[in-house]
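# What the coordinates show
Chain by chain, the residues run as shown.
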Number of protein chains: 2
Amino acid sequence: MKKILNNPSDFVDESLRGIVLAHSDMLRSVGDPRVIVRSDAPVRGKVAIATGGGYGHLPVFLGYVGQGLADGACVGNVFSSPSADAMLTVTKSIDGGAGVLYLYGNYFGDKMNFDLAAEMARDEGIQVETVRVTDDVASAPAEQMSKRRGVAGVFFVYKIAGACAESGASLEEVKRLAEEVVINVRTMGIGFSPCTIPASGKPTFEIADNEVEIGIGIHGEPGISRQETAPAKELVSQLLAHLTADLDLVPGDEVSILVNGTGSTPLEELYVAYKEAHSWLSQKGIKIFKPFVGEYATSLEMAGFSISVLKLDETMKALLQAPVNTPFIKQL
Amino acid sequence: MKKILNNPSDFVDESLRGIVLAHSDMLRSVGDPRVIVRSDAPVRGKVAIATGGGYGHLPVFLGYVGQGLADGACVGNVFSSPSADAMLTVTKSIDGGAGVLYLYGNYFGDKMNFDLAAEMARDEGIQVETVRVTDDVASAPAEQMSKRRGVAGVFFVYKIAGACAESGASLEEVKRLAEEVVINVRTMGIGFSPCTIPASGKPTFEIADNEVEIGIGIHGEPGISRQETAPAKELVSQLLAHLTADLDLVPGDEVSILVNGTGSTPLEELYVAYKEAHSWLSQKGIKIFKPFVGEYATSLEMAGFSISVLKLDETMKALLQAPVNTPFIKQL
């Protein structure tokens, strides 16, 4: 295992220490090193957004803490949920009196811990609402949308709900808009090769040299099929066929898309995927309003990519363009 | 070879097409798809900065085209120099009447082609000056600095020279400052595993599962030693010992550092390296003014990292903080 680490059991905390040291002007930890909030938190009168989940997905989750995005996040071990206590600490540190929206991917461990944190926070008089992101179309059929996992599409929910909160909206309004984005975003990924969790030293899955896994999850969860690798054009059209059908897109619809690298896929290749996606969507009469290409949700060094499609309305378009400030993602 | 591509021979052009499609508000190609300039080029009265080199190093080179950075770039095939004609096209497209600075890494092929382009441009009445970046300490001894290759430290030169050009400085002033940055920046890298060039389908080098290459170049050029991998603390202190000795740093000096991932190394690991670098430099009494952590110069999916150290003065500090606008790197 060739990784930049010391003792594998210190990996998460040492990495977090590096983040806080490098970005102390914008982020700070609160007691627990695994709890990180905007340095200006709490922002008085603003709805605060809390997020979190397992470590190993940067810029998810901590990278989305900043102005115009989330207010705080907690992380657990690699690919493991943080504790309820950590989420409670986030909540108390970011509540500016207007309530806190919990916004995170739909996974059992996170739901259990964050629901518990929400209860404890309410006992202390903090208003908490929850929206779970369920964009992974390969993880459950459309009629069981609430069982779907959350993957890279969470980016769009942070972006739009974060801008809405920044504009002074109420907790109810921010929650309603976040739900609206969740209803309109879909993601599907393709895995080329696994990553290795430092503490285990073993790859998360095995796959042949000529095979790819269509619909893979961000922890290496099995997808819907394993097949021989194919030209970019075919891989992209497979993903988009699923995504646009699931979203019932029709000619004239306007979308934003995110071509996301899962870790070790070169940016150069992601742009080949974007070219193919642009061409496929154009042929269907679907307009791309604002594309994003890069690493927005990773799985350590897993090779592969995902495409997220968000069906837009005018409100979302305006909020997508609002400014953000985080050391992790480029200015929009 | 599992990569997002169609025909390997179309890889570069399809990837570039994706870039221009995704970022048409900020970048445009000029005739040749391998020539990309700021969409507002030429900027009248401003010194223009031209760069370029082989493809496969994003965000180097095209990712540094934008306000506050370079004005245009051309790329060749993967890891191969662009043509003199392409650089001439860049030059003519970005010259706003105040002259053009060629700023690029010190490689034989690039030097040959860009020197030729400079001659042709001068024949057409455009003032051209050149600064080559020579930050790779492992590529030649200190007394042969002009033979050293250019690697990730080019980021600092783009950033500072770009901000200087934006401020209205003359070609002579921008050149002098770029040279000053080159004199004060050093980089050293460690390779964990190779990348595969699409057209060849073969890894750029071979290395054992437990070995790392200290001082590796960005095309897999051999470094100064191959050794068993070691804890992050040791790897980082090896690099910093070389870098700070080569720069003659003493307690009280102020530096910026860049911890750069070469492609498939997770951001989480780069922050472990940053933590170790912060600790090592602090112990030596060297202050870090503004750190950068992420992928700033890659080699497709090569695994590994480099550290660049820039010895700062007040002018550089001010220019490091000037705004930039490119779709590829985060706001500073």
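Residues numbered from 1 in each chain as written. Chains lettered and ligands numbered in written order. Predicted model: local features only at pLDDT ≥ 70, side-chain atom pairs only at ≥ 80, totals over all residues. Heavy atoms only, no water.

As named in an unreviewed UniProt entry, chain A is Dihydroxyacetone kinase subunit DhaK, taken from Alicyclobacillus fastidiosus.

### A few points about the pairing of strand β1 (residues 27-30) of chain B
Residues and elements named next belong to chain B. Convention followed: Two strands qualify as a pair provided DSSP detects at least 2 bridges between them. Labels follow the DSSP assignment, with helices taken as runs of H or I lasting at least four residues and strands as runs of E lasting at least two, numbered in each case from the N terminus.
Pairing of β1 with strand β2 (residues 32-38), which is carried by 4 bridges, proceeds in the antiparallel orientation. Its bridge partner lying in β2, Leu 27 is registered against Arg 38. Hairpin connection between β1 and β2: a loop of 1 residue separates the two successive antiparallel strands, and Gly 31 in this loop has a positive phi of roughly 70°.

### Remarks on helix α7 (residues 267-283) of chain B
Owing to its 3.6 residues per turn, the α-helix aligns residues three or four sequence positions apart on the same side. All names here are of chain B. Filter applied, for reference: Given the number of residues in a helix, its expected span is that number minus one, multiplied by 1.5 Å. Summary of the burial criterion: residues with accessible area below 20% of their type's maximum are buried, those above 50% are exposed, and those between are partly exposed, where the area comes from a 1.4 Å probe applied to protein chains only.
In this model, α7 (17 residues) spans 24 Å end to end at C-alpha, consistent with the 24 Å of a helix rising 1.5 Å per residue. For α7, the buried fraction is high: 12 of the 17 residues fall into the buried class. Residues of α7 that are buried: Glu 268, Glu 269, Leu 270, Tyr 271, Val 272, Ala 273, Tyr 274, Lys 275, Glu 276, Ala 277, Trp 280 and Leu 281. Count one or two residues on from α7 and you reach Gly 285, which has phi positive near 75°.

### A closer look at the domain arrangement of chain A
Residues and elements named next belong to chain A. The test is simple: The split into domains, and so the bounds of each, comes from an automatic or database assignment of domains. When checking whether two residues touch, look at their non-hydrogen atoms; a contact exists if any pair is within 4.5 Å. Summed over both partners, the accessible area (1.4 Å probe) lost when two parts come together is defined as the buried area.
Structurally, chain A comprises domain 1 (8-184) and domain 2 (185-319). Measuring from the centre of the C-alpha atoms in domain 1 to the corresponding centre in domain 2 gives 23 Å. Counting from both sides, the interface comprises 35 residues of domain 1 and, opposite them, 39 residues of domain 2. Summed over both partners, the interface of domain 1 with domain 2 comes to about 3000 Å²; 69% of that surface belongs to carbon and sulfur atoms.

### Structural notes on the packing of helix α1 (residues 11-22) of chain A against α7 of chain B
To keep it simple, the criterion reads: In this analysis, axes come from line fits to C-alpha atoms, helices being fitted only over the stretch in contact, and the angle between any two N-to-C directions falls in the range 0 to 180 degrees. Put simply, angles under 35 degrees are roughly parallel, angles over 145 are roughly antiparallel, angles from 65 to 115 are roughly perpendicular, and the rest are oblique. Here is the rule for handedness: rotate from the far helix to the near one, and if that takes an anticlockwise turn smaller than a right angle the crossing is left-handed, while a clockwise turn gives right-handed. Here the term charged refers only to Asp, Glu, Lys and Arg, the term nonpolar to Ala, Val, Leu, Ile, Met, Phe, Trp, Tyr, Cys and Pro, and the term polar to all other amino acids, Gly among them.
At their nearest, the axes of α1 of chain A and α7 of chain B sit 7 Å apart, and the two run at 65° to each other. Classified by the angle between their axes, α1 of chain A and α7 of chain B sit roughly perpendicular to one another. The way α1 of chain A lies across α7 of chain B gives a crossing that is left-handed. Two secondary-structure elements touch here, α1 of chain A through Phe 11, Glu 14, Ser 15, Arg 17, Gly 18, Ile 19, Leu 21 and Ala 22 of chain A and α7 of chain B through Glu 268, Glu 269, Tyr 271, Val 272, Tyr 274, Lys 275, Glu 276 and His 278 of chain B. Per-class residue counts for the contact of α1 of chain A with α7 of chain B are 7 nonpolar, 3 polar and 6 charged.

### Comments concerning the sheet that holds strand β5 (residues 100-105) of chain B
Residue and element names in this part refer to chain B. An order of β1-β2-β4-β3-β5-β6 is seen for the 6 strands of this open sheet, with the pairing classed as mixed. A single partner strand is all that each edge strand has here, and the edge strands are β1 and β6 (128-133). Strand-to-strand twist across the sheet, computed as the mean angle between neighbouring axes with direction ignored, equals 25°. This element, helix α1 (residues 11-22), spans β1, β2, β3 (48-55) and β4 (72-78) of the sheet and lies at about 30° to β2. Of the strands in this sheet, β3, β5 and β6 touch helix α5 (residues 171-184), which is tilted by about 10° from β6.

### Some words on the interface of chain A and chain B
Many authors give the size of an interface as the accessible area that is lost as the parts come together. Rules: Salt bridges are defined as contacts in which a side-chain nitrogen from Lys or Arg sits within 4 Å of a carboxyl oxygen from Asp or Glu. In protein, a polar contact requires one atom able to donate a hydrogen and another able to accept it; more generally it is a pair of N or O atoms within 3.5 Å, and residues adjacent in sequence count only if both atoms are side-chain atoms.
Taken residue by residue, the interface counts 56 residues in chain A and 56 residues in chain B. Here chain A meets chain B over a buried area of about 4500 Å², counting both sides, of which 65% is carbon and sulfur. The tally of links between chain A and chain B comes to 2 salt bridges. Note that Glu 269 of chain B is salt-bridged to Lys 3 of chain A, the shortest N-O span being 3.1 Å. At the surface where chain A touches chain B, the tally comes to 26 residue pairs in polar contact (both at pLDDT 80 or more). Contributing elements (two or more residues each) for the side of chain A that touches chain B: α1, β8 (211-214), α6 (232-246) and α7 (267-283) of chain A. Ranked by residues supplied to the side of chain A that touches chain B, first place goes to α7 of chain A with 11 residues.

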